[in-house]
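Fold and contact review
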There are 2 protein chains.
Amino acid sequence: MYDLESRFDAVLFDLGNTLVAQADPGVPIDELTVTWLPGAEAALDALHGRVPLAIVSNTTTLTAADIARLLGPMADRFATIVATAELGEHKPSPVPVRVALERLGVRPERALLVGDNDSDRAAALAAGVHFAWSGPDLHERITAQLLHAEALERALDGAFPHDPAMADAARTRLDGLAKPAGSLGRLEDAVCRLAVIERTPTPMVDPAAVAVFVADHGIAADDSVTPWPQVVTAIMRETIAGGRAAVSVLAREAQVYVDVTDVGTLPGVPSTVRDARIADGTADLRSGQAMTRLQALQALEVGAATAERLIAGGTRTLAVGEVGMGNTTAAAALIAALCDAPAATVTGRGAGIDDATLARKTVIVAEAVAALPDGADVIEVLARVGGLEIAAMAGCIIGAASLGIPVILDGVITQAAALVAVALEPRTAPFLIAAHSSAEPGSQIALQHLGLRALLDLSLRLGEGTGAALAIPLLRAACAATRDMATIAELLA
Amino acid sequence: MYDLESRFDAVLFDLGNTLVAQADPGVPIDELTVTWLPGAEAALDALHGRVPLAIVSNTTTLTAADIARLLGPMADRFATIVATAELGEHKPSPVPVRVALERLGVRPERALLVGDNDSDRAAALAAGVHFAWSGPDLHERITAQLLHAEALERALDGAFPHDPAMADAARTRLDGLAKPAGSLGRLEDAVCRLAVIERTPTPMVDPAAVAVFVADHGIAADDSVTPWPQVVTAIMRETIAGGRAAVSVLAREAQVYVDVTDVGTLPGVPSTVRDARIADGTADLRSGQAMTRLQALQALEVGAATAERLIAGGTRTLAVGEVGMGNTTAAAALIAALCDAPAATVTGRGAGIDDATLARKTVIVAEAVAALPDGADVIEVLARVGGLEIAAMAGCIIGAASLGIPVILDGVITQAAALVAVALEPRTAPFLIAAHSSAEPGSQIALQHLGLRALLDLSLRLGEGTGAALAIPLLRAACAATRDMATIAELLA
């Protein structure tokens, strides 16, 4: 499953800002020096000898020979180097990529291009090769993306199919029904959003499922942020699986399938759920590194794979939910970081804490956000202050959206995951529907950032996907009205 | 059905403030004069000769002979007069009532006492006789209450059974479930309210029904307040009955039975629904009298009878809904009058009107409220500015509450009906649950007056019972969670 050779016959790299620092455009060739990006050399060492590697570099003046000379001994890692200046065709043209494939004798569907910008990606798509983003920690990133993140990669390469014109089509249909125009209020807005996603003026929600991801948080090992012991995470995992938790009951009433995945609980409680455990919970986010980048990417992969599996099984609306003692702290930190909001405005009482604990929790969130490196990308932020179940939900959200499936968000933790998902892949945004506005203060800020207004406002603060399970019957009913109501034209006929 | 003799063998009357103006306590007997209340003599004329009539008057000094002398020739209307001073027993003691019954040779369950205060009512209950309120227009009132308002009378005499202690019992159960205390937010409050009504810590909502009442409004005969022609009321009545209206579809999705009653549409559209038509719509409320008191009481009776019928058929949660072109105007006037709110704060755009129409509608509401007589009782207000379907909903609400059944309010029209119901019978209040907060501005004011907070806030403004149909699945799910979730004790065992 993690076998590079079984998937690819070659890996192509963009050069500037993918493997080496981008040179200033005006620097003369003979004054150019090479600065390898962190992890790039290690990544090339890891890959070398397994499959042929190549460079496809957009250049205006450099030749392949210039590049080889500049790279020095590391040039030996590459079977071929293509410089677009020599071809007269620059990315996003697929020609330079095709030239590299021809030289290597590799079919496009067996090749991967690693790049750092939309031109690289467009060139990959046009040439029919797979694409992976480079980034600040190239070694972990390509290890994860190439070797472990098949579903996530498919998701990021996905079509995210939707049709904005269907909003008007649905509105026209709604306006023609036997009721005053607009009188179903925000349910009509929800129908229009579903119409865009499902590419029909009469969308539907069934079959619906809620994917629940469960993991522990190092921050909950003591009572700094929550009085609940960590073992409750695994107990609730089993209670959900046993059909006796809140989400089990509410989803049953709503005819929503419940899927539970353990992304990393502490060991101890015998498990009956799908095991995708990546770690024994996260490290304490006070350490500045709740997860490694690799763990975060692995958890994203678990989520994306879960979305693929449920959708392959027939799911047409996918909600996300979670259990993880301490995860409102991680969610608050993510919301603070990704929405640039002060810790005090996003930190709440979670499952119920006293004033002293709230004050302590707020300081922990503030310090965690302050400790993030300048310019940290979203994977970095997720890894440092997030959680395994949050990463999995983000992957699940991207995965569902990439396949054209509406995603129903639950409360504040899922909203934090949605912020991660949208930061990682902005094409995810139109597929989100907010079930409810949580009692947690960060919820409003996250929703605003996501451009969403929640359907329900019931002061829920339970998680698990409960709010999503409550909202799905509303969406189902609104879709039924759109489909089944008499039209005004029909009544006047 | 309207046959007095088949129901009663005697009618007893309180005297002061029921038939004649109450004398000042200090006036010497020989200076007393009789002032008959409006309609009292006409009522006695109408009843005389059909069944024996009697007076049971609380007096401190007057004898029966004094009373007979004071009443003059009208004393002949009465088969007997009981003066409590002569018995040494005063209402609410049942003794004076029993003495009257003994003299008449009538069994308690075959007698009716008409009175004006709680002592009269308590005496009636204690003696086991039926009771009817007197009031400013006694003729119409007793005609309606005695001859036409059996279900309403049963409702007003009902037990309104509920158990406030069950709120704590439900809260204790909820707090013991496998979730943070209070984390189901306002759904937990709703469960506690249902628990009080259903007298169990684990309430349920099924089977649920929505009683839809349909009637026309004279105010909608021109386009003063709405662009919709009146015929739309009957068209929508048939569309609901045909299963193709919004409430039909939403109720079907929510597994809620839809019952439709025509309380007074304009003729023209062939009807397939239950016919309880009281008039060809109301008169224009600008005339100062949308309905007669009798019509209002008849419509209340239709509603109370509908509640009885649905509950006898198994309904355990009863929602109300309506159709009536122009009825947001009537609802606004009722809310303004019963909540003492300025017309501008309660008048809205209904199904959708322009600024000019809104301004005109606001003036109409303001003038209608200003034209109400000082000290008008709620029946008077209902008759002058309300509507047949609103009166029917009020009767239905009282009827359901009297039988211990929770009542789910829909939007602003139903909330106006609830204001009428609570004004008429304050014991109705604990049985109300607000499904949603309508887009109409009066909705907030009515809900506040009723002490309710709505579950949904979706900017709905459709009516028909649609909001109630959407809220019932939420209540059902909350009840299921209360009943089926694991308890913390169980998980720790």
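Worth saying up front: this structure is predicted, and the values here are computed from it rather than measured.

1. Points about the overall build of chain A
Along chain A, the regular secondary structure elements total 22 helices and eleven strands. A compact globule built from 493 residues would reach a C-alpha radius of gyration of about 23 Å, and chain A, at 24 Å, matches this within 12%. In terms of principal-axis extent, the alpha carbons of chain A reach across some 70 × 65 × 40 Å. The proportion of buried residues among the 493 residues of chain A is 60%. In chain A, once contacts between residues fewer than 6 apart in sequence are set aside, the share between residues at least 24 apart is 73%. Only carbon and sulfur atoms are counted for the fraction: they give 54% of the accessible area of chain A, which is about 17,100 Å². Distance between charge centroids for chain A: 6 Å, based on 36 positive and 58 negative side chains.

2. Topic: the packing of aromatic side chains
Residues and elements named next belong to chain B. Under the counting rule described, the total for this entry stands at four aromatic pairs over all chains. Look at F13 and F78: their rings are 6.4 Å apart centre to centre, the planes differ by 80°, and that puts the pair in the edge-to-face class. Here the residue F13 occupies a position in strand β1 (residues 10-13), and F78 occupies one in the loop between α3 (64-71) and β3 (80-83), the gap between them amounting to 65 residues. Residue F78 is classed as buried on the basis of its relative accessible area, which comes to 8%.

3. A short note on the confidence of the model for chain A
Looking at chain A, pLDDT values average 92 and 96% of them are 70 or higher. For this predicted complex, the interface confidence reaches an ipTM of 0.75, while the overall pTM sits at 0.76.

4. A short note on the interface of chain A and chain B
If you look at the interface, chain A gives 45 residues, while chain B gives 45 residues. Across the chain A-chain B interface, the total number found is two salt bridges. Of the charged contacts, one joins E490 of chain A and R244 of chain B as a salt bridge, the two residues approaching to 2.6 Å between their closest N and O atoms. Inspection of the region where chain A meets chain B yields 16 residue pairs in polar contact (both at pLDDT 80 or more). Secondary-structure elements contributing two or more residues to the side of chain A that touches chain B are α10 (186-198), α11 (231-241), α12 (246-253), α21 (466-484) and α22 (488-492) of chain A. It is α21 of chain A that contributes the most residues to the side of chain A that touches chain B, ten residues altogether. Here the residues of the side of chain A that touches chain B are counted per class, giving 28 nonpolar, six polar and eleven charged.

5. Looking at the packing of helix α14 (residues 327-339) of chain A against helix α20 (residues 441-450) of chain A
In a packed pair of helices, the relevant descriptors are the angle between the two axes and the axis-to-axis distance. All names here are of chain A. Their axes nearest at 10 Å, the elements α14 and α20 cross at an angle of 40°. The angle between α14 and α20 falls in the class oblique. Note that α14 runs across α20; the crossing there is left-handed. Of the residues in α20, those in contact with I335, L338 and C339 of α14 are G442, I445, A446 and H449. Classifying every residue of the contact of α14 with α20 by side-chain character gives five nonpolar, two polar and no charged.

6. Considerations on the side chain of E188 of chain A
Residues and elements named next belong to chain A. Secondary-structure assignment places E188 in helix α10. By relative accessible area, which is 1% here, E188 ends up buried. Only 2.9 Å separates the side chain of E188 from the backbone nitrogen of L184, close enough to count as a polar contact. Every residue in contact with E188, bar those within four places of it in the chain, is listed here: R171, L174, D175, K179, G182 and S183.

7. Quick notes on the domain arrangement of chain A
As far as domains go, chain A holds domain 1 (10-147) and domain 2 (208-478). Using C-alpha coordinates to define each centre, domain 1 of chain A is positioned 36 Å away from domain 2 of chain A.

8. Remarks on the sheet that holds strand β8 (residues 274-275) of chain A
All names here are of chain A. Pairing is parallel in the open sheet, where six strands are placed in the order β8-β7-β6-β9-β10-β11. Only two strands of the sheet have a single neighbouring strand rather than two, namely β8 and β11 (432-434). With three bridges joining them, strand β10 (residues 407-409) and β11 adopt parallel strand pairing. Of the residues in β11, the one forming a bridge with I408 is I433.

9. So, the sheet that holds strand β5 (residues 130-133) of chain B
Residues and elements named next belong to chain B. Taking strand neighbours across the sheet as the criterion, the five strands line up as β3-β2-β1-β4-β5 in an open arrangement whose pairing is parallel. Each of the sheet's edge strands pairs with one partner strand only, and the pair in question is β3 and β5. Between one strand and the next, the sheet's axes are offset by a mean angle of 20°, whatever the strand orientation. Of the strand pairs in this sheet, β1 and strand β4 (residues 111-115) are connected by four bridges, and their pairing is parallel. Across the sheet, A10 pairs through a bridge with A111, a residue of β4. Helix-sheet contacts for helix α5 (residues 95-104) involve β1, β2 (53-57), β3 and β4, and the interaxial angle to β3 is about 155°.

Conventions adopted
Residues numbered from 1 in each chain as written. Chains lettered and ligands numbered in written order. Predicted model: local features only at pLDDT ≥ 70, side-chain atom pairs only at ≥ 80, totals over all residues. Heavy atoms only, no water. Helix = DSSP H or I, 4+ residues; strand = E, 2+ residues; numbered from the N terminus. Rg over C-alpha atoms; globule rule 2.2 N^0.38 Å. Buried < 20%, exposed > 50% of the residue type's maximum accessible area, 1.4 Å probe, protein only. Contact = heavy atoms within 4.5 Å. Areas by Shrake-Rupley, 256 points an atom, 1.4 Å probe, with all protein chains shown as cover. Lys, Arg positive; Asp, Glu negative; His and termini not counted. Charge placed at Lys NZ, Arg CZ, Asp CG, Glu CD. Phe/Tyr/Trp six-rings, centres within 6.5 Å; stacked < 30°, edge-to-face > 60°. pLDDT = per-residue confidence, 0-100. Salt bridge = Lys/Arg side-chain N within 4 Å of Asp/Glu carboxyl O. Polar contact = N/O pair within 3.5 Å; in protein donor to acceptor, adjacent residues only side chain to side chain. Nonpolar A, V, L, I, M, F, W, Y, C, P; charged D, E, K, R; others polar. Axes fitted to C-alpha atoms, helices over the stretch in contact; angles between N-to-C directions. Parallel < 35°, antiparallel > 145°, perpendicular 65-115°, else oblique. Left-handed = near helix turned anticlockwise from the far one by under 90°. Domains from an automatic or database assignment. Pairing = 2+ DSSP bridges.

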